[in-house]
Amino acid sequence: MHRMTHAVATVTVALVAALLTSTAASAQEAAPPIDAERCAALVGMEIDAAEIGLPTTGAAVTAAEWVTETNGQCRVKGDIRPVDPTAPNITFQVNLPDNWNSRALQMGGGGLNGTLVAATGPYRYQPPGQPTPLQDGFVTLGSDGGHQGGGGSFALNAEALLNYGQHSIKKTHDVAMSLMKAAYSAEPEWFYFAGFSQGGHEALDAAGRYSDDYDGVVAGTPAYNVTMMHAGWGDVYKNALYADGGAGWVNPAKQTLLVDSVYATCDPIDGLADGIISDISGCLEAFDVQTLRCPDGADTGDTCLSDAQIATLDTLASPNDIGIDIAGNSVAAPNPIYNGGLLAGGTIAGSAIRGQYNLGLAPTPSNPAVPAQDAWHYQTGDTNAKWFVTGDPTLDYLDFDLRAHAERVSELGDIVDTTNVDFTPAHDKGVKILLYTGLADDGISPYNTIQFYDRQVAAMGKEKVDEFLKFYTIPGMSHGFGPFVAGFESLPALMKWVEEGVEPGTLTAIDTVAATAGRERPVCEYPTWPQYTGEDPDSADSFTCVTDASPVNTAAPLISGTPVVGSTLSASAGEWTGGEPTFAYQWLRDGQPIPGATSAQYRATPADQGTSLSVRVTATSAGGSTEATSASVTVKYKASVLVTTKPLLVTSTSKNVTVTVHILPSRASGDVTVTLAGRTFTGTAVDGRVTVDAGKLPRGAHVITATYAGDDAVAPGKGYGVVLVLR
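Note that the structure is predicted; figures quoted are calculated from it, not measured.

*Asks:* Lay out the nonpolar core in plain terms, naming residues and giving numbers.
*Replies:* Counting residues in hydrophobic clusters, the biggest one holds 122 residues, and the most contacted among them are Leu96, Met180 and Phe423. At 12 residues, helix 4 (residues 158-184) tops the list of elements feeding residues into this core. The contact partners of Met180, leaving out residues within four places of it in the chain, are Leu96, Trp100, Ala104, Val139, Ser185, Ala186, Pro188 and Phe191. If you look at the next biggest cluster of nonpolar residues, it comprises 31 residues, including Trp190, Leu494, Met495 and Leu507.

*Asks:* Let's hear about the state of the cysteines: which residues, and what values?
*Replies:* If you walk through the whole model with that rule in mind, you get four disulfides. Bridging Cys266 to Cys283, the disulfide has an S-S length of 2.1 Å. Residues Cys266 and Cys283 are joined by a disulfide whose S-S torsion is about 80°; by sign, that bridge is right-handed. Residue Cys266 is found in helix 7 (residues 252-266), and its partner Cys283 is found in helix 8 (residues 280-286); the two are separated by 17 residues along the sequence. Each member of the pair, Cys266 as well as Cys283, carries the same accessibility label: buried.

*Asks:* Tell me about the packing of aromatic side chains, and please be specific about residues and values.
*Replies:* In this structure the tally under the stated criterion is 23 aromatic pairs. Residues Phe471 and Tyr526 carry aromatic rings whose centres are separated by 5.1 Å and whose planes lie at 40° to one another, so their mutual orientation is tilted. Of the two residues, Phe471 sits in strand 14 (residues 469-474) while Tyr526 sits in the loop between strand 17 (520-525) and strand 18 (529-532), which places them 55 residues apart along the sequence. Residue class for Phe471 comes out buried when judged on its relative accessible area of 2%. Through a chain of ring-to-ring contacts, three or more aromatic side chains come together here, namely Tyr125, Phe196, Tyr436 and Phe488. Lying across the ring of Tyr397, Lys238 places its NZ or CZ 5.5 Å from the centre.

*Asks:* Describe helix 13 (residues 446-460), naming the residues involved and giving the relevant values.
*Replies:* Taking 1.5 Å of rise per residue, 15 residues should cover 21 Å, and helix 13 covers 21 Å from first to last C-alpha, within 8% of that figure. Pro446, Tyr447, Asn448, Thr449, Ile450, Phe452, Tyr453, Gln456 and Met460 are the residues of helix 13 that are buried. Between the side-chain oxygen at the start of helix 13 and the backbone nitrogen of Tyr447 there is a gap of 3.0 Å, and the oxygen is on Ser445. In the segment just after helix 13, Gly461 is the residue with positive phi, at about 90°.

*Asks:* So, the environment of Ala219: which residues are in play, and what are the values?
*Replies:* Summarising the element assignment, Ala219 is placed in strand 8 (residues 216-220). In this structure, the C-alpha to C-alpha distance between Ala219 and Pro581, residues 362 residues apart in sequence, is 38 Å. Those residues within four positions of Ala219 in sequence are excluded, and the remaining contacts are Gly195, Gly200, Ala203, Leu204, Leu434, Leu435 and Tyr436.

*Asks:* Hey, could you go over the pattern of salt bridges for me, with residue numbers and the actual values?
*Replies:* Across all of its chains, the model carries 19 salt bridges by this definition. The closest approach of N and O atoms between Asp205 and Arg209, which form a salt bridge, is 2.7 Å. Placement of both Asp205 and Arg209 in helix 5 (residues 198-209) is noted, with a separation of four residues, approximately one turn of the helix. Judged by its relative accessible area of 0%, Asp205 is buried. Salt bridges linked by common partners bring Lys170, Asp174 and Asp213 together as one network.

*Asks:* Provide a residue-level description of helix 11 (residues 406-416), including the pertinent values.
*Replies:* Every α-helical turn comprises 3.6 residues, leaving residues that sit three or four positions apart pointing alike. When helix 11 is considered as a whole, its buried residues turn out to be Val409, Leu412, Gly413, Ile415 and Val416. Angularly, the buried residues of helix 11 cover 165° about the axis, an arc narrow enough to put them on a single face. Tucked inside the fold, the buried residues of helix 11 contact helix 4, helix 5, helix 6 (226-242), strand 9 (320-326) and helix 10 (376-390).

*Asks:* Break down the side chain of Arg521 for me, citing the residues and quoting the values.
*Replies:* When you line up the elements, Arg521 lands in strand 17. A distance of 2.8 Å separates a polar atom in the side chain of Arg521 from a polar atom in the side chain of Asp274. In this structure, Arg521 is in contact with Leu272, Asp274, Ile276, Phe484, Leu507, Thr508, Ala509, Pro537, Asp538, Ala540 and Phe543, ignoring residues within four places of it in sequence.

*Asks:* Give a description of the pairing of strand 27 (residues 612-621) that names residues and reports values.
*Replies:* For a regular strand, the rule is simple: side chains alternate between the two faces of the sheet. For strand 24 (residues 582-589) and strand 27, the ladder comprises eight bridges, and the chain directions are antiparallel. Looking at strand 27, one finds that Gln586 is bridged to Arg616. Across two bridges, strand 27 lies against strand 29 (residues 633-634) in antiparallel orientation. By the bridge assignment, Leu613 is partnered in strand 29 with Val633. Bridging between strand 27 and strand 28 (residues 624-629) involves six bridges; their strand directions are antiparallel. When the bridges of strand 28 are listed, Ala619 appears paired with Thr626. Here strand 27 hands over to strand 28 after two residues, the two strands then running antiparallel side by side.

*Asks:* Summarise the sheet that holds strand 26 (residues 601-603); cite the residues concerned and give the values.
*Replies:* With antiparallel pairing, the three strands of this open sheet are ordered in space as 21-22-26. Taken across any chain shown, the strands that pair with only one partner, and hence form the sheet edges, are strand 21 (558-560) and strand 26. Across the sheet, the mean angle separating the axes of adjacent strands is 25° when strand polarity is ignored. By the bridge criterion, three bridges tie strand 22 (residues 568-572) to strand 26 in an arrangement that is antiparallel. Within strand 26, the residue paired with Thr568 across the bridge is Arg603.

*Asks:* Please give an account of the side chain of Arg103 that cites residues and values.
*Replies:* Residue placement: Arg103 occurs in strand 5 (residues 103-107). The contact partners of Arg103, leaving out residues within four places of it in the chain, are Gly137, Phe138, Val139, Pro188, Trp190, Tyr192, Met495 and Glu499.

*Asks:* An account of the environment of Tyr237 is requested, with residue identities and associated values reported.
*Replies:* Position of Tyr237 relative to the elements: it lies in helix 6. Residue Tyr237 is classed as buried on the basis of its relative accessible area, which comes to 5%. When the C-alpha atoms of Tyr237 and Trp376 are compared, they prove to be 9.0 Å apart, with 139 residues separating the residues in sequence.

*Asks:* I'd like a description of a negative patch on the surface, backed by residues and values.
*Replies:* A contiguous patch of negative charge on the surface is contributed by Glu535, Asp536, Asp538 and Asp541. The residue Glu535 is located in the loop between strand 18 and strand 19 (543-546) in this model.

*Asks:* How would you summarise the sheet that holds strand 35 (residues 689-696) if you had to cite specific residues and measurements?
*Replies:* With respect to topology, three strands assemble into an open sheet ordered 30-32-35, the strand pairing being antiparallel. In the strand order of this sheet, the two ends are held by strand 30 (640-646) and strand 35, each with one partner. Taking the axes of each pair of neighbouring strands and ignoring which way they run, one obtains an average angle of 20° across the sheet. Sheet topology note: the strand 30/strand 32 (residues 656-664) ladder contains seven bridges and is antiparallel. For Ser640, the partnering residue across the bridge sits in strand 32 and is Leu664.

The rules behind the values
- Residues numbered from 1 in each chain as written.
- Predicted model: local features only at pLDDT ≥ 70, side-chain atom pairs only at ≥ 80, totals over all residues.
- Heavy atoms only, no water.
- Core = buried A, V, L, I, M, F, W, Y, C linked by side-chain atoms within 4.5 Å.
- Buried < 20%, exposed > 50% of the residue type's maximum accessible area, 1.4 Å probe, protein only.
- Helix = DSSP H or I, 4+ residues; strand = E, 2+ residues; numbered from the N terminus.
- Contact = heavy atoms within 4.5 Å.
- Disulfide = S-S within 2.5 Å.
- Phe/Tyr/Trp six-rings, centres within 6.5 Å; stacked < 30°, edge-to-face > 60°.
- Lys NZ or Arg CZ within 6 Å of the ring centre and 35° of its normal.
- Expected span 1.5 Å × (residues − 1).
- Polar contact = N/O pair within 3.5 Å; in protein donor to acceptor, adjacent residues only side chain to side chain.
- Salt bridge = Lys/Arg side-chain N within 4 Å of Asp/Glu carboxyl O.
- Arc of directions from axis to C-beta.
- Pairing = 2+ DSSP bridges.
- Axes fitted to C-alpha atoms, helices over the stretch in contact; angles between N-to-C directions.
- Patch = residues over 30% accessible without salt bridge, like charges linked within 9 Å, V, L, I, M, F, W, Y side chains within 5 Å.
- Areas by Shrake-Rupley, 256 points an atom, 1.4 Å probe, with all protein chains shown as cover.
- Lys, Arg positive; Asp, Glu negative; His and termini not counted.
- Charge placed at Lys NZ, Arg CZ, Asp CG, Glu CD.

Set out below in structure tokens:
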């Protein structure tokens, strides 16, 4: 077993009679698979408060529905009762399959919770078309986080707030353990948690706070520091966007201008213009927001940014110390608006990509903040200030002073945030964490997740962290949308690590965006990112996970000069991105290296006649080396052109003269032009020879010029002769 033993739940006498035999010996045997009859018998089951490891007044099953969906499933719903009678219940659902594989998977919620997680579907970003975990035989479970409905009013109740922040995870887990023992007379061999956003926060709580209960978790883009995200980011956005009547507010058209400009600059840096920015650090170096500055810094329309608007964007793209310790951290992470964030959306690689976390539709926000109208992070800050910090739903957030409430904000961090939770017990117990985030997410910034990872490395050291936590970043992915939305097997990778000890390396994701569905990308471990190094842009095998950009060839090397024996050819390196590379050259004859030919110039030798020459350029930078090869040129035979006449000596102007042109090598063919005595004659050489009739010539010495045009194998050439006419 991989967790502490729990006692069997207290149930009614009728249920005990239905589920268990009367003898002690048979009670130790595994119960038969759950079926419709035994499922129905679970209704009314009571679970004593002693079976739940945190304060409650017990739990009860209120419904149990038998569903046939590939397998048989007993979908059990119920309530966990609070200690405070004014606090809401925690509503839970536990799904018991008839093909149980001795595993359990708890699924996390989202946002402020308030909606029951039924846990009957796929885990987040599971590749399409696969069986759900429940169909595969997992017991699956979820809850509503400890309250029902949207909004933040639940935070007025201390127990409901604590359930949301920490406790609902453990309480739901323990109820599920009791139900599994009642249904199967056994505990699960392996207990997992998978969640995204708030569910990712809950996954980290499961691993960090309740490591005895779990074997592994998948934490996607975790909202692990809800107080910092809502109070801290909210304050940053409020002051940057809406101060001085919204002088620095950036309208949707200008947001799109920024997004389009960032992608136009940074999309190709990773070696492929595919609508995905993979090298976010390289993007920050390449993109300069000042290129969008309006003349003189004044706002002159939607085609540029004023100085005040640039100052706002610079603030949002920077780390901001809010001056309040929130669970051991006072710095709100930067937003990726200068290297992939989508804001109000834009046109990326020819496709319209929507954004969700925009900066609002007006320079003055509403009270209360209005979804889809006011800036996203202003909305979350408004909810936090009203319900979590002050308890005053009439408060005008625009006038709210966060630092005047520093004590309460710090207290909320201790209740809700996971920032300063010690993960050493998780490591020591052997819990495995698969952590990931999208790099285009401006709802929960990727730098926020990087902050969490860096904190663990600082506390434990990278070697120790690597033993139990793998952190992946996914370029192009925002919060469930973006240019690339990954479908990847996070749960199977985690299971293989937990159950077989096989550490996950680079994973493979399939794009689930309709317009680009099916293209593959590697999911690289942080801090590496996928650089295009292959030939098929839709295959993950065409990408290499790198830390620094190795050079990328954007225009092939070129050979200049006449490719004939004795001529000197020169090679250009071509065009490259990725730092300032140095170049090495290797000339190739019919694809094979020519010994000693390693400079940018090469003199063709007789050995090159009739062969193909090319040059391979190796570009090297801090990120590695990349090769590119020029197109080949055929080295032609050098033409030797000889001219003879008949007769050799012309004794009279009345005699006809013939001119024969001999071309070596004798394989030469093609056009020959002969000029003589101001006249021009043409002919076609065959097997290196052509004869033309020059007719009668005037008295004197005449220079003959024979020009050979060349053919596919023999270079052009020119030869001379003289004919003497005596009288």
